[in-house]
Amino acid sequence: MDIMDITERLKSFFHNYVDAYLTGDKSLDRNIMLKKQHSLMVHRECRELAAAENFSEHETVLAEIAGLYHDIGRFEQLKRYNTLVDFKSVNHGEFGADILEKDNILNELEPADAAAVINAVRYHNSRDIPDRLTGLSRFLTRVVRDADKLDIYRVVMDYYREGNYDKTILLNLSETAMVSPAVFEAIKGRQNPLMSDMKTITDFKLSKLCWFYDLNFDHSLREIRNRGIDKKLFGLLPELPEIKIIRRDVNSYMDARLV
Ligand SMILES: [Fe+2]
């Protein structure tokens, strides 16, 4: 069968699959719809990234499928555990990859293509991409990780602006305008700080800036600048000497990559 037909089928399957999780319970359904919307946006980000980076048609189609399905584990996670917090339930990347495998959802794709999409789902949220992941699997994983981050920025920016912090994640973080030394060192070294080193909400916001260093495609970094995400994020941070240093470093990193 033609891969375009398969893609269309996988798109309508996605809608049916997700809609079957709606319960009529307002707060649960809200989360399901938020994750559905996010999946559709990541699907779109993948398509735009593919166009900007001149992917082949085959790569483009697979990138779109991987984007659409990257959070497929979220729906069963919500149903079973009533939470989106991985450390309180399951790793949603692994969980989603297992669902795709177990339910044979991608069985119309060539086995190698299906395996690569499943790997991209499995590792879209891991701290690093495992070294053993190569070829198409590694490629799709890199695409989905970028597309996911771009859409998460859309979500978090609104969220921060409104000051609605997720109490389950930020429970123990202080509101003090301060950067913790371990977090500062990590970011200066262009590393993601450890969650356990984060003491303040400022630390947490700064950790989102670190994602810039983790973007795989120049297109993604260009979009960060085009959409003003860097400016907005810094605008949400207090004026501290450490933040000035980080800002200078982030800007020079972006300038160097976007020449
Ligand atoms: Fe995810």
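Note that the structure is predicted; figures quoted are calculated from it, not measured. (Residues numbered from 1 in each chain as written. Predicted model: local features only at pLDDT ≥ 70, side-chain atom pairs only at ≥ 80, totals over all residues.)

**Some remarks on the overall build of the protein**
Broken down by element type, the protein carries 14 helices and zero strands. Mapped from its N terminus to its C terminus, the protein presents α and β elements in the order α-α-α-α-α-α-α-α-α-α-α-α-α-α. In terms of overall size, the protein behaves like a compact globule, its C-alpha atoms giving a radius of gyration of 19 Å where 259 residues would be expected to give roughly 18 Å. Counting only C-alpha atoms and orienting by the principal axes, one finds that the protein spans roughly 60 × 45 × 30 Å. Expressed as a percentage of the 259 residues in the protein, the buried residues total 34%. (Helix = DSSP H or I, 4+ residues; strand = E, 2+ residues; numbered from the N terminus. Rg over C-alpha atoms; globule rule 2.2 N^0.38 Å. Buried ≥ 20, exposed ≤ 12 C-beta atoms within 10 Å, placed from the backbone.)

**Concerning the nonpolar core**
Grouped together as the largest cluster of nonpolar side chains are 51 residues, with contacts concentrated most on Cys-46, Ala-66, Val-117, Leu-140 and Val-143. Counting residues domain by domain, this core receives three or more from each of domain 1 (3-151) and domain 2 (165-257). Among residues more than four places away in sequence, those in contact with Leu-140 are Leu-62, Ala-63, Ala-66, Ala-116, Val-117 and Ala-120. (Core = buried A, V, L, I, M, F, W, Y, C linked by C-beta atoms within 7 Å. Domains from an automatic or database assignment. Contact = placed C-beta atoms within 7 Å.)

**Regarding the domain arrangement of the protein**
Domain assignment breaks the protein into domain 1 (3-151) and domain 2 (165-257). The straight-line distance from the C-alpha centre of domain 1 to that of domain 2 is 26 Å. Domain 1 puts ten residues into the contact, and the matching count from domain 2 is nine residues. Elements with a contribution of two residues or more to the side of domain 1 that touches domain 2: helix H2 (26-52) and helix H7 (135-162). With five residues, the single largest contributor to the side of domain 1 that touches domain 2 is H7. Residue composition of the side of domain 1 that touches domain 2, by class: four nonpolar, no polar and six charged. (Nonpolar A, V, L, I, M, F, W, Y, C, P; charged D, E, K, R; others polar.)

**What to know about the packing of helix H3 (residues 57-69) against helix H6 (residues 111-123)**
It is at 9 Å that the axes of H3 and H6 come closest, and there the two elements cross at 40°. It follows that H3 is oblique to H6 by the angle criterion. Every pair of crossing elements has a handedness; the one defined by H3 and H6 is right-handed. Taking contact as the criterion, the partners of Leu-62, Ile-65, Ala-66 and Tyr-69 in H3 are, on H6, Asp-113, Ala-116, Val-117, Ala-120 and Val-121. (Axes fitted to C-alpha atoms, helices over the stretch in contact; angles between N-to-C directions. Parallel < 35°, antiparallel > 145°, perpendicular 65-115°, else oblique. Left-handed = near helix turned anticlockwise from the far one by under 90°.)

**Digging into the environment of Thr-60**
Relative to the helices and strands, Thr-60 is located in helix H3. Overall, the presence of 19 C-beta atoms within 10 Å leaves Thr-60 in the partly exposed class. Considering only alpha carbons, one finds Thr-60 and Arg-247, 187 residues apart in sequence, at a separation of 34 Å. Non-local contacts of Thr-60, meaning those with residues more than four positions away in its chain, are made with Arg-47, Ala-50 and Phe-55.

**Some words on unusual backbone geometry**
With a phi close to 55°, Asn-54 is a non-glycine residue in the positive phi region. As for its placement among the helices and strands, Asn-54 is situated in the loop between H2 and H3. If you check the backbone angles, Arg-190 has positive phi at about 60° while not being a glycine. Tracing the backbone through its elements, the reader meets Arg-190 in the loop between helix H9 (181-188) and helix H10 (201-209). Overall, Arg-190 belongs to the partly exposed group, with 13 C-beta atoms counted inside 10 Å.

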